[in-house]
Amino acid sequence: MENKGILIYVEREGGRVHPICYELLGKGRDLADKTDSKVSCAVLGSGITETAQELVAYGADTVYVYDDESLATFDSLAHKQNLVSLISEVQPAIVMFGSTLTGKALAPRVATAVEAGLTSNCTALELQEDGSLLQVRPAFTGNFLAHVKTSSDITMVTVRYRALEAGQKDEGRKGEIVKKGVEKVDSGVKVLGKGEAKPASIAGADIVVCAGRGLRNADDFELVQQLADALGGVVGATRPLVDDGWISKDHQVGFSGTIVKPKLYVGVGVSGSPQHLAGIRDSGTIVAINSDPSVALFRIADYAVVGDLYQVIPQMIELLKKK
Ligand SMILES: Cc1cc2nc3c(=O)[nH]c(=O)nc-3n(C[C@H](O)[C@H](O)[C@H](O)COP(=O)(O)OP(=O)(O)OC[C@H]3O[C@@H](n4cnc5c(N)ncnc54)[C@H](O)[C@@H]3O)c2cc1C
């Protein structure tokens, strides 16, 4: 890596910095210290200036703030245009995004515009002896780890939420906060109305209760929700239930859905296909409830309950309520 520093795109969610940005900052700080370079952040939005000091406390040397009413709603083309200009000005060696819906919408657009190589969905970033950045990402439903090196001047990555450790906060850290003029872009996006989105947020959940095709119908998610509530967790689902329209895609756990890393994963009526297991491998404790003792999920489960979910779940809820 040439000594041109690291730039982190700071995503905002629900009026706050998305927690993945603190993880990117933790890794960015580590890489910058090892290469004697700097970490900068780009934060775009409206009414966000206070965010900058927080980013400095988490390790940023410089925070570029694009604060304008026109950026109040995320618009990938407007964010792209301002980022592309910043990249040509700052010339970072590495640009990092979260592997979130926003990061996935933005990073490829920026990478194409600045002709940078982009590795998506990384789970680790390692510095090589020659100073280059090795980007590690799962491939073939998580059965292999691809090790990627980029030959372009700029290396761009999106990194999975909860794959890296967040940096330590230091209120006394000093950094530079630079207010930038905003380039306005008429992307054709019209905001027709606003509503409160309630994303499932399974990626950041500590407890996920995941339903599979063992459920008889969509209404039975109520039972799964009751178990999740009793445990203080959120509801996930396997892909067939999402494909059948029983629950929205943001609940889908697995390789083509969301990779989760909860402290507790409970799979009910889930067989444990390779695509599903690829999304839960890093869970803390895995509990599986299935009427078939031969299913793959039992092989990786810490606790295996052989039984009918319609009998087991109510008993679990009753026990949890007593506690
Ligand atoms: C490219 C690709 C990407 C994919 N990505 C994903 C992904 O991201 N996530 C994902 O989940 N899948 C994904 N899939 C689908 C995957 O291959 C499987 O089809 C899916 O994971 C199976 O879901 P399931 O375990 O709910 O269903 P099944 O495999 O049908 O298992 C249902 C289980 O329920 C049990 N059961 C039935 N009745 C009861 C009962 N009353 N009590 C207890 N247990 C009961 C059965 O014994 C069975 O084990 C993908 C597939 C492809 C091709």
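Our subject is the structure that appears above.
Because the structure is predicted, anything quoted here is derived from the model rather than measured.

So, how was this worked out
All chains use their own residue numbering, which begins from 1 and follows the written sequence. This being a predicted model, a pLDDT of at least 70 is required before a residue's local features are given, and a value of 80 or more before pairs of side-chain atoms are given or counted; all residues contribute to the totals for chains, interfaces and linings. Side-chain metrics in this entry use all non-hydrogen atoms of the structure; hydrogen atoms and water are not considered. A fitted line through C-alpha atoms serves as each axis, taken over the contacting stretch for helices, and the angle formed by two N-to-C directions is quoted from 0 to 180°. Strands here are runs of E lasting at least two residues and helices are runs of H or I lasting at least four, both read from the DSSP assignment and numbered beginning at the N terminus. Geometric relationships in this document are graded by angle, where less than 35 degrees denotes roughly parallel, more than 145 denotes roughly antiparallel, 65 to 115 denotes roughly perpendicular, and other angles denote oblique. Crossings are classed by handedness, with left-handed meaning an anticlockwise turn of the near helix from the far one by less than a right angle and right-handed meaning a clockwise turn. Note on definitions: a residue-residue contact is assigned when non-hydrogen atoms from the two residues lie within 4.5 Å. Classes in brief: Ala, Val, Leu, Ile, Met, Phe, Trp, Tyr, Cys and Pro nonpolar; Asp, Glu, Lys and Arg charged; the others, Gly included, polar. Remark: exposure states derive from per-residue accessible area (1.4 Å probe, protein chains only) relative to the maximum for the residue type, with buried under 20%, exposed over 50%, and partly exposed in between. The pairing criterion is simple: DSSP has to find at least two bridges between the two strands. Pairing of aromatic side chains requires ring centres within 6.5 Å, counting the rings of Phe and Tyr and the six-membered ring of Trp. Pairs whose planes differ by under 30 degrees are stacked, by over 60 edge-to-face, and all others tilted. A ring is scored as having a charge over it whenever the NZ atom of a lysine or the CZ atom of an arginine sits within 6 Å of its centre and within 35 degrees of its normal. We define a salt bridge as a side-chain nitrogen of Lys or Arg found within 4 Å of a carboxyl oxygen belonging to Asp or Glu. Among the buried residues, those of types Ala, Val, Leu, Ile, Met, Phe, Trp, Tyr and Cys that are joined through side-chain atoms within 4.5 Å form a nonpolar core.

**Q** Explain the packing of helix α3 (residues 76-90) against helix α4 (residues 101-114) to me, using residue names and the numbers behind them.
**A** At a minimum axis separation of 9 Å, α3 and α4 run at an interaxial angle of 45°. It follows from the interaxial angle that α3 and α4 lie oblique. Pair α3 / α4 crosses with right-handed handedness. Across from S76, L77, H79, K80, L83, V84 and I87 in α3, the residues of α4 making contact are A105, L106, R109, V110, A113 and V114. For the contact of α3 with α4, the per-class residue count stands at nine nonpolar, two polar and two charged.

**Q** Break down the environment of A211 for me, with residues and values.
**A** With respect to the helices, strands and loops of the structure, A211 is situated in strand β13 (residues 207-211). On the accessibility criterion, A211 (0% relative accessible area) is buried.

**Q** Just give me the short version of the sheet that holds strand β14 (residues 234-237), but keep the residues and values in it.
**A** Ordered by their spatial adjacency, five strands build an open sheet running β14-β13-β15-β16-β17, and the pairing between neighbours is parallel. Each edge of the sheet is formed by a strand with only one pairing partner; in this case those strands are β14 and β17 (303-306). This sheet shows a mean twist of 20° between the axes of neighbouring strands, independent of strand direction. One ladder, built from four bridges, connects β13 with β14; its direction is parallel.

**Q** So what's going on with the packing of aromatic side chains? Residues and values would help.
**A** Both the distance between ring centres and the angle between the ring planes are used here to describe each pair of aromatic rings. For the structure on display, the rule yields three aromatic pairs. Look at Y22 and Y58: their rings are 4.2 Å apart centre to centre, the planes differ by 40°, and that puts the pair in the tilted class. Of this pair, Y22 sits in helix α1 (residues 20-35) while Y58 sits in the loop between α2 (51-57) and β5 (62-67), placing them 36 residues apart in sequence. By relative accessible area, which is 14% here, Y22 ends up buried. Among the residues examined, Y58 registers a relative accessible area of 18% and is labelled buried. Seen in terms of ring centroids, F140 and F144 are 5.9 Å apart; in terms of plane orientation they differ by 80°. Their pairing is edge-to-face. For the pair formed by F140 and F144, the shared burial category is exposed. Taking the ring centre of Y161 as reference, the NZ or CZ of R162 above it sits at 5.9 Å. Here the basic side chain of R216 rests over the ring of Y310, its NZ or CZ set 3.9 Å away from the ring centre.

**Q** Go over the pattern of salt bridges with me, naming the residues and quoting the values.
**A** Applying the stated rule across the entire model yields 13 salt bridges. As a salt-bridge pair, D30 and K27 come within 3.7 Å of each other at their nearest N and O atoms. Within this pair, D30 and its partner K27 are both found in helix α1, separated by three residues, close to a single helical turn. The class for D30 is partly exposed, based on a relative accessible area of 28%. Under the relative-accessibility criterion, K27 is labelled buried at 18%. Between K169 and E54 there is a salt bridge, with its nearest N and O atoms 3.2 Å apart.

**Q** Can you lay out the pairing of strand β4 (residues 39-45) for me, pointing to particular residues and giving the numbers?
**A** Within β4, seven of the seven residues are buried, which leaves it mostly tucked inside the rest of the structure. What you see with β4 is no split at all: V39, C41, V43 and G45 on one side and S40, A42 and L44 on the other are buried throughout. Pairing of β4 with β5, which is carried by six bridges, proceeds in the parallel orientation. Each bridged residue has a counterpart across the sheet, and for A42 the counterpart in β5 is Y64.

**Q** Which residues make up the nonpolar core, and what values do they have?
**A** In this structure, I8, L25, C41, L55, V63 and M96 are the most contacted members of the largest nonpolar core, which totals 31 residues. Contributions of two or more residues to this core are made by β1 (6-10), α1, β4, α2, β5, β6 (94-98) and β11 (155-159). Within the second largest apolar cluster, 24 residues are counted, among which are A228, L241, V242 and I317.

**Q** Lay out the sheet that holds strand β7 (residues 117-122) with the relevant residues and their values.
**A** Strand order in the open sheet formed by seven strands is β7-β11-β6-β1-β4-β5-β12, with parallel pairing between adjacent strands. The outermost strands of the open sheet, each flanked by one partner alone, are β7 and β12 (176-179). On average, each strand axis in the sheet is inclined to that of its neighbour by 20°, with strand direction left out of account. Of the strand pairs in this sheet, β7 and β11 are connected by four bridges, and their pairing is parallel. Considered in β11, the bridge of C122 is made with V159.

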